[in-house]
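Structural features, examined
For reference, the chains in residue letters:
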Amino acid sequence: MNTSKSRHVWTVAEAKAKLSEILMLAETEGPQRIGVRKSFILVPAKLWQAKKSPKKPMGEWLLENMSRAGELEIPHNRESKRKIPFIEDGEE
């Protein structure tokens, strides 16, 4: 394949006419840029999945990262009388 072709910005018209070529270039040579005024990047799904950060449940993330936050101070001037979760009775 012509490497210089894969390095330029494809116009939308070119992308429509040469979609299979652009897909093949994205797979073999890396992401392809489409559009001049509004730019889009075409990347293979495997590359996209590898770059995305895995999502964790909020509770798991908090447990892993709370040690970096240090002690959190809970304000005592709360208007609400509702019970604060994760605090034992009498700890406040």
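Attention here is on the structure that accompanies the text. Since this is a predicted model, take the numbers as computed values, not measurements. (Residues numbered from 1 in each chain as written. Predicted model: local features only at pLDDT ≥ 70, side-chain atom pairs only at ≥ 80, totals over all residues. Heavy atoms only, no water.)

Details of the overall build of the protein chain
Operational definition: Numbering of helices and strands runs from the N terminus, with a helix taken as a DSSP run of H or I at least four residues long and a strand as a DSSP run of E at least two residues long. Contacts: residue pairs with any heavy atoms within 4.5 Å of one another.
Helix and strand content of the protein chain: five helices and two strands. Across the protein chain, the fraction of contacts at a sequence separation of at least 24, relative to all contacts at a separation of at least 6, is 19%.

A short note on the nonpolar core
Going by this rule: Here, the term nonpolar core denotes a set of buried Ala, Val, Leu, Ile, Met, Phe, Trp, Tyr and Cys residues that are joined through side-chain atoms within 4.5 Å. Buried means the residue's accessible area, taken with a 1.4 Å probe over protein chains only, is under 20% of the maximum for its type, while exposed means over 50%, and partly exposed covers the values in between.
With five residues, the main nonpolar core is built from Trp10, Ala15, Ile22, Leu25 and Ile34. When neighbours within four sequence positions are excluded, alanine 15 is seen to be in contact with Ile22 and Ile34.

With respect to the environment of proline 31
Mapped onto the fold, proline 31 is located in the loop between α3 (19–29) and β1 (32–34). A relative accessible area of 43% means that proline 31 is categorised as partly exposed. Sequence-distant contacts of proline 31, defined by excluding residues within four places in its chain, comprise Ala26, Ile41, Leu42, Val43 and Leu47.

Observations regarding a nonpolar patch on the surface
The condition is simple: For patch building, the residue pool is restricted to those with more than 30% relative accessible area and no salt bridge; the joining distance is 9 Å between like charges and 5 Å between nonpolar side chains (Val, Leu, Ile, Met, Phe, Trp, Tyr). Where accessible areas are quoted, they stem from the Shrake-Rupley method and a 1.4 Å probe; at the residue level, only the protein chains shown are allowed to cover. Here, a salt bridge means any Lys or Arg side-chain nitrogen found within 4 Å of an Asp or Glu carboxyl oxygen.
The grouping of Met58, Trp61, Leu62 and Met66 at the surface amounts to a nonpolar patch, some 400 Å² of accessible area in total. For leucine 62, the position within the fold is in helix α5 (residues 58–69).

As for the pattern of salt bridges
Tallied over the entire structure, the rule returns one salt bridge. Among the salt bridges present, the one from lysine 56 reaches glutamate 64, with a minimum N-O distance of 2.5 Å. Since its relative accessible area comes to 40%, glutamate 64 is described here as partly exposed.

On their own, these measurements won't tell you what the molecule is for.
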